[in-house]
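Letter by letter, the chains look like this.
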Amino acid sequence: MEDSYDWVVRKDVVAGLRLVAARGKSFDFLSRPHHLHHVATLARAVPELRIVIDHIAKPHLSKSLRVAPDWQKNMVDAASCPNVYCKISGLVTEVDPENHATSWTSQTFVDHVEVVLGAFGPDRCMIGSDWPVLRLTGTNYREVNLLHKSLISGLSEADQVKVRGGNAANFYQLKNLD
């Protein structure tokens, strides 16, 4: 098994992802901050592939709540590719991933979410619940839903609707949701 994430930009993987795109499918890119630079590389190599960055690339919230410059730079670079979206999810499990004992509030995440919303805009962001994994933290779906509502409360109502579900429905090409 390779110990780096460089495999995702190998020629054979890119060729495989071109086949995924040709079939109209998307790619959920589960990344850590040190892999995030590959998102833009891959998005430019396969511009017809819809890519979503899962869990805002899992910033190291357990180490610092400040936005890391490299994470921000790579997130903005990924956002410069129109085929890349970002999923606002997986936040509460990153505050204390080993013990899940550290408390959090919406303020814990606001700076990172502001970077994501600023880079991608409300048309290419979506909420993800991170259920059932969030249960490891003793948090429930209702609490995380309230967290997400708080984090996007500065958006217009129309943009909140997009981020809470409309963008995901479009990205994943979901039909008949009424």
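Let me sum up the structure you'll find in this document.

Reading the values: rules and limits
Counting from 1, residues in each chain are numbered in the order their sequence is written. Selection of residues for local features in this predicted model requires a pLDDT of at least 70, selection of side-chain atom pairs for listing and counting requires 80 or more, and totals for whole chains, interfaces and linings are taken over all residues. Derived side-chain values reflect all non-hydrogen atoms in the structure, with water molecules and hydrogen atoms excluded from consideration. A strand pair is defined by DSSP finding two or more bridges across the two strands. Each helix is a run of DSSP H or I of at least 4 residues and each strand a run of E of at least 2, with the numbering of both proceeding from the N terminus. Each axis is a line fitted through C-alpha atoms, and for a helix only the stretch in contact is used; angles between axes span 0 to 180 degrees, taken between their N-to-C directions. Between 30 and 60 degrees the pair is tilted, below 30 it is stacked and above 60 it is edge-to-face, where a pair is any two Phe, Tyr or Trp rings, Trp via its six-membered ring, whose centres lie within 6.5 Å. Think of it in three bands: with a 1.4 Å probe and only protein chains considered, a residue is buried below 20% of the maximum accessible area for its type, exposed above 50%, and partly exposed in between. A ring has a charge above it when a Lys NZ or an Arg CZ is no more than 6 Å from the ring centre and no more than 35 degrees off the ring normal. With the strands pointing away from the viewer, any crossover whose connection runs clockwise from the first strand over the helix to the second is right-handed.

1. A few points about the sheet that holds strand β1 (residues 26-30)
Alright, step 1. One open sheet holds the four strands; their spatial order is β1-β2-β3-β4, and the pairing between them is parallel. At either end of the open sheet lies a strand with only one pairing partner, and these are β1 and β4 (125-127). Looking at each pair of strands side by side, their axes are set apart by 30° on average, direction ignored.

2. Quick notes on the packing of aromatic side chains
The way to describe two aromatic rings as a pair is by their centre distance and the angle between their planes.
Alright, step 1. As enumerated under the stated definition, the model contains four aromatic pairs in all.
Alright, step 2. Consider the rings of F171 and Y172, whose centres lie 4.8 Å apart with planes at 85°: the pair is edge-to-face.
Alright, step 3. Relative accessible area serves as the criterion here: at 1%, F171 is assigned to the buried category.
Alright, step 4. Three or more aromatic residues joined by ring pairs form one cluster here, namely Y85, F171 and Y172.
Alright, step 5. A cation over a ring is seen here: R50 above F171, with NZ or CZ 5.4 Å from the ring centre.

3. Description of the pairing of strand β3 (residues 84-88)
Alright, step 1. Of all five residues that make up β3, five are buried, and the element is covered over most of its length.
Alright, step 2. Bridge analysis of strand β2 (residues 50-54) against β3 gives three bridges, and the strand direction is parallel. In the sheet register, I51 faces β3, and the bridge partner there is V84.
Alright, step 3. The handedness of the β2 to β3 crossover, carried by helix α3 (residues 69-79), is right-handed.
Alright, step 4. Relative to β4, β3 is paired through three bridges, and the arrangement is parallel. Counterpart to K87 in the pairing with β4 is M126.

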